[in-house]
Amino acid sequence: MSAKTASLESRIRQQWDQLSLHEQRLADVLLAAPGQLAMNTATELAQSAGVSKATATRFFRHIGYESYDAARRQAREMQNSGSPLYLQAAPSASPFGTLIQNHLEKEIASLVNTYRSLEDDQLEACVEAIAGARRVIVMGWRHSQTIAMLIYRDLIHIHPDVRLLPRAGDSLAEHLAALGPQDVVICVGLRRRMPALETAMSALAEMQVPMLYISDVLAGKPAKYANWVLRCHTDVNLIFDSTVALSGVCNLLCSLVARSMGKTGSYHLASIETLHQSLEELE
C-alpha cells in the first residue's frame with residue numbers, strides 16, 4: 001500500500017510517536033470512530049477533541065494528507081464501501097431507549113421502502129424461472145452467503161435440485177460447468193462484495209445462464225450481468241447494515257416459488273417429511 005492510499009488508522013499508528021499530545025488527543029477521537037471524519041468539518045472535529053482548528057490542520061498534514069479535505073474524501077469512500085469501522089458513530093449521549101427506538105424506526109423504514117421498490121412483473125418473472133428451473137444455484141461470499149443460506153434452506157424443501165456455493169474444498173468451475181439456460185443462479189451481493197462474484201456472474205452470462213441478483217441499493221458492477229435485480233435497503237443508525245429487508249424479500253421470494261411450483265413442491269416437501277420421520281432426524 002502506497003503512502004497516498006494508506007488508511008487513516010495506519011497513518012496514525014505509523015506516526016504516533018511523532019505526534020504532539022494535542023495531536024494524539026485528536027488521533028484517539030478518530031481511532032474510536034473514523035466515520036466522524038466524513039461527517040464533520042475540521043472545526044467540529046477539533047472541538048470534539050478539545051483542540052484548536054490549527055492543531056487539526058497540522059495533524060492531517062503530519063500524517064501524510066495534502067489537506068483535511070483529502071482525508072475527508074478518503075473517509076467518505078470508506079463509508080460508501082460499507083466499512084463497519086467508518087459506519088459506526090461517535091459514542092452517543094442519547095438515552096438507551098432512544099437508540100433502540102431510532103433503530104426500530106430505521107429497520108421498519110428499510111423494510112417498507114424495499115417492498116415499495118419491488119416491481120411485480122420482474123418479481124413474477126424470476127419466481128417463474130426459479131420454479132421451472134432444472135437446477136437452482138444460490139451463490140454468495142462472506143456476509144452475502146448468510147443471506148444465500150436463507151434462500152437455500154427454504155428452496156431445498158420444495159425444489160429437487162438446489163445447491164449453495166461456494167463450497168469448502170471445491171472450485172466454482174466444478175459446479176458451474178454443467179449449467180445452462182435451463183438453470184437459474186441466485187446471486188447475493190451486498191456491499192463490500194468480493195471480486196469473485198462479478199467474475200462468476202460474467203462467466204455465467206457468457207453461458208447464457210439466467211441470473212437473479214439480490215443486493216443493497218447500490219448494486220454495483222455485477223448488476224449488469226443479471227436478468228433480474230432486487231435491491232434492498234440496508235441503511236441503519238448504528239454500526240452494522242440491516243438485514244431485515246433482505247430477510248423479508250428472501251422469505252417472500254421462496255414463498256412465491258413454492259406457490260408457483262404447486263403440487264410438485266408439495267410432493268417434494270411431503271417426501272422430505274416422510275424421511276424425517278423414518279430417520280428420526282427431528283424431535
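Source: prediction; values computed, not measured. (Residues numbered from 1 in each chain as written. Predicted model: local features only at pLDDT ≥ 70, side-chain atom pairs only at ≥ 80, totals over all residues. Heavy atoms only, no water.)

Quick word on a nonpolar patch on the surface
There is a patch of nonpolar side chains on the surface, built from L104, I108 and V112 and spanning about 230 Å² of accessible area. Relative to the helices and strands, I108 resides in helix α8 (residues 96-117). (Patch = residues over 30% accessible without salt bridge, like charges linked within 9 Å, V, L, I, M, F, W, Y side chains within 5 Å. Areas by Shrake-Rupley, 256 points an atom, 1.4 Å probe, with all protein chains shown as cover. Salt bridge = Lys/Arg side-chain N within 4 Å of Asp/Glu carboxyl O. Helix = DSSP H or I, 4+ residues; strand = E, 2+ residues; numbered from the N terminus.)

Here we look at the packing of helix α9 (residues 120-132) against helix α13 (residues 244-261)
Across the interface, α9 lies against α13 with an axial gap of 9 Å and an inter-helix angle of 60°. Taken together, the axes of α9 and α13 lie oblique to each other. Of the two elements, α9 crosses α13, and the hand of that crossing is right-handed. Facing α9, whose interface residues are L123, C126, V127, E128, I130 and A131, α13 presents L252, L253, L256, V257, S260 and M261. The residue inventory of the contact of α9 with α13, partitioned by class, reads 10 nonpolar, one polar and one charged. (Axes fitted to C-alpha atoms, helices over the stretch in contact; angles between N-to-C directions. Parallel < 35°, antiparallel > 145°, perpendicular 65-115°, else oblique. Left-handed = near helix turned anticlockwise from the far one by under 90°. Contact = heavy atoms within 4.5 Å. Nonpolar A, V, L, I, M, F, W, Y, C, P; charged D, E, K, R; others polar.)

Considering unusual backbone geometry
Residue L165 is joined to P166 through a cis peptide bond whose omega torsion reads -5°. The residue P166 is located in the loop between β2 (162-165) and α11 (172-176) in this model. Despite not being glycine, R142 shows a phi value in the positive range, around 50°. Considering the arrangement of structural elements, one finds R142 in the loop between β1 (136-139) and α10 (143-155). Classification of R142 as partly exposed rests on a relative accessible area of 49%. Positive phi, close to 60°, is recorded for Q208, a residue that is not glycine. (Buried < 20%, exposed > 50% of the residue type's maximum accessible area, 1.4 Å probe, protein only.)

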